[in-house]
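# Analysis of the macromolecular model
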Amino acid sequence: MTAIDRDSGLAVWRQIEETLAEEIRSRRWTEGQRLPTEAELSQRFGVNRHTLRRAVSALVDRGLVRVEQGRGAFVRENVLEYLVGQRTRFTENVRRANRSASGRLLSFKRMRAPKDVAEVLRLTPGTAVLQVETVNQVDDRPLSVGAHWFPAKRFPDFQEVYDATHSITRVMEHHGIPNYARAVTKVTARMPDVTEAEVLGQPRNRPVLYVEAVNVDPDGVPVQLSHVRYAADRFQMVFETLSEGAKYFEGD
């Protein structure tokens with residue numbers, strides 16, 4: 001049991017708050033980790049659940065803890081600040097925050113472009129495209145799962161380069177497009193489906209940010225359409241610059 005000084009003049013719940021906050025700062029409890037249950041913490045500090053809940057509520061207000069209905073209290077993750085502008089690069093955003101970026105391929109296939117994909121990529125419907133599904137990770141924890149489409153003719157070595165580098169930027173550079181730019185970014189919030197929640201390692205009652213994006217080459221020709229779902233509580237999207245590009249989503 002952790003001793004509480006009931007004669008200190010500091011409220012009991014405040015002492016519990018400070019004790020848990022210090023344990024979080026010292027990484028006794030790591031990012032995303034669930035704290036002990038209310039019953040366990042109440043027993044540890046020798047208090048009733050009402051007092052314990054007040055301490056946890058204070059930790060929530062300080063941004064140190066999040067509470068999920070029916071699942072308990074969790075240490076809040078170190079939120080990644082993700083800059084979106086004309087030059088938007090996943091790896092650069094992560095390295096800027098002194099964190100580790102990685103990616104893995106979920107699926108890769110060559111297919112005929114559906115009408116909606118063809119319109120965005122300025123292709124004739126039925127033209128060959130590459131459909132690539134990836135997971136991007138920060139510090140080995142999933143941040144996003146995405147579906148991407150590329151004109152197959154422009155990326156003949158896509159799979160080989162991605163397998164070797166795990167980087168779409170490196171794929172672009174290999175195919176002579178080192179300076180691709182973001183033309184459109186559209187963001188909406190929704191609940192994840194079963195597969196998305198499983199891949200991201202989060203419950204289905206926690207929202208994701210659904211991002212539709214178009215990247216273009218230096219001549220303004222679309223080279224990538226992406227539909228990416230981000231774990232909303234693990235990053236903050238910051239828009240630096242918005243360029244003209246709404247024409248790629250005409251009719252939306």
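Everything here concerns the structure above.
As a starting point, this report considers the structure included with it. (Residues numbered from 1 in each chain as written. Predicted model: local features only at pLDDT ≥ 70, side-chain atom pairs only at ≥ 80, totals over all residues. Heavy atoms only, no water.)

### Considerations on helix H3 (residues 49–61)
One full turn of an α-helix is made of 3.6 residues, so residues set three or four places apart face in the same direction. The terminal C-alpha atoms of H3, which comprises 13 residues, lie 18 Å apart, in line with the 18 Å expected from a rise of 1.5 Å per residue. Looking at H3, one finds that the buried residues are Thr51, Leu52, Ala55, Val56, Ala58 and Leu59. The buried residues of H3 occupy an angular sector of 155° when projected down its axis, which confines them to one face. H3 presents His50 and Asp61 as exposed residues on the side facing more than 90 degrees away from its buried surface. Sitting at the amino-terminal end of H3 is Asn48, which places a side-chain oxygen 3.2 Å from the backbone nitrogen of His50. (Helix = DSSP H or I, 4+ residues; strand = E, 2+ residues; numbered from the N terminus. Expected span 1.5 Å × (residues − 1). Buried < 20%, exposed > 50% of the residue type's maximum accessible area, 1.4 Å probe, protein only. Arc of directions from axis to C-beta. Polar contact = N/O pair within 3.5 Å; in protein donor to acceptor, adjacent residues only side chain to side chain.)

### Overview of the nonpolar core
For soluble globular proteins, nonpolar side chains are generally found buried alongside one another. Ile16, Leu20, Phe45 and Val65 are the most contacted members of the largest nonpolar core, which totals 20 residues. For this core, the secondary structure elements donating two or more residues are helix H1 (12–25), helix H2 (38–45), H3 and strand S2 (72–75). Looking at this core, the element that brings in the most residues is H1, giving six residues. Grouped together as the second largest cluster of nonpolar side chains are 14 residues, Phe150, Phe158, Ile168 and Tyr180 included. (Core = buried A, V, L, I, M, F, W, Y, C linked by side-chain atoms within 4.5 Å.)

### Digging into the packing of H1 against H2
Viewed as axis vectors pointing N to C, H1 and H2 meet at an angle of 110°, and their least axial separation amounts to 12 Å. What the angle tells us is that H1 and H2 run roughly perpendicular. Crossing hand, H1 versus H2: right-handed. Contacts between H1 and H2 involve Ile16, Thr19, Leu20 and Glu23 on the former and, on the latter, Leu41, Arg44 and Phe45. (Axes fitted to C-alpha atoms, helices over the stretch in contact; angles between N-to-C directions. Parallel < 35°, antiparallel > 145°, perpendicular 65-115°, else oblique. Left-handed = near helix turned anticlockwise from the far one by under 90°. Contact = heavy atoms within 4.5 Å.)

### A word on the sheet that holds strand S5 (residues 128–138)
Whenever strands of a sheet pair, they do so through backbone hydrogen bonds, lying parallel or antiparallel. The strand order S4-S5-S6-S9-S8-S7 describes an open sheet built from six strands, whose pairing is antiparallel. Each edge of the sheet is formed by a strand with only one pairing partner; in this case those strands are strand S4 (101–112) and strand S7 (181–190). Along the sheet, successive strands turn relative to each other by an average axial angle of 15°, direction set aside. As judged from the nine bridges shared by S7 and strand S8 (residues 208–216), these two strands associate in the antiparallel manner. Within S8, the residue paired with Arg182 across the bridge is Asn215. The strands touched by helix H6 (residues 158–165) within the sheet are S4, S5 and strand S6 (141–151), with S4 carrying the most contacts at an inclination of about 165°. (Pairing = 2+ DSSP bridges.)

### Let's talk about H1
A rise of 1.5 Å per residue sets the reference length of H1, with its 14 residues, at 20 Å; its end C-alpha atoms lie 20 Å apart and thus fit the reference within 8%. Among the residues of H1, Val12, Trp13, Gln15, Ile16, Glu17, Leu20, Ala21, Glu23 and Ile24 are the ones counted as buried. Lining the buried residues of H1 we find H2, H3, strand S1 (65–68) and S2. At the C-terminal side of H1, Arg27 shows a positive phi close to 70°.

### With respect to the packing of aromatic side chains
To describe a pair of aromatic rings, you give the distance between the ring centres and the angle between the ring planes. In this structure the tally under the stated criterion is six aromatic pairs. When the ring of Phe158 is compared with that of Tyr162, the centres are 6.2 Å apart and the planes differ by 10°; the resulting orientation is stacked. Within this pair, Phe158 and its partner Tyr162 are both found in helix H6, separated by four residues, close to a single helical turn. Judged by centre distance (4.5 Å) and plane angle (20°), the ring pair of Tyr230 and Phe235 falls under stacked. Among the residues examined, Tyr230 registers a relative accessible area of 7% and is labelled buried. Of the aromatic side chains, those joined through ring pairs into one cluster are Phe108, Phe150, Phe155, Phe158 and Tyr162. It is Arg89 that lies over the ring of Tyr180; its NZ or CZ is 3.6 Å from the centre. (Phe/Tyr/Trp six-rings, centres within 6.5 Å; stacked < 30°, edge-to-face > 60°. Lys NZ or Arg CZ within 6 Å of the ring centre and 35° of its normal.)

### Thoughts on the side chain of Gln137
Among the structural elements, Gln137 can be located in strand S5. Residues within four places of Gln137 in sequence aside, it is in contact with Phe90, Ser100, Ala101, Ser102, Arg104, Pro142 and Leu143.

### So, unusual backbone geometry
A positive phi is found at Arg122, a non-glycine position, where the angle reads about 60°. Note on placement: Arg122 falls in the loop between helix H5 (115–121) and S5. Using a relative accessible area of 46% as the deciding quantity, one classes Arg122 as partly exposed. Even without being a glycine, His166 presents a positive backbone phi close to 55°. Topologically, His166 is positioned in the loop between H6 and helix H7 (168–174).

### Description of the pairing of strand S3 (residues 80–84)
Residues in a regular strand project their side chains so that they alternate between the two faces of the sheet. Counting buried positions over the five residues of S3 gives four, a clear majority of the element. Sheet topology places S3 next to strand S10 (residues 235–239); five bridges connect them, and they run parallel. From the neighbouring strand, Val84 faces S10, where its bridge partner is Phe239.

Interpretation in functional terms is not warranted from these geometric data alone.
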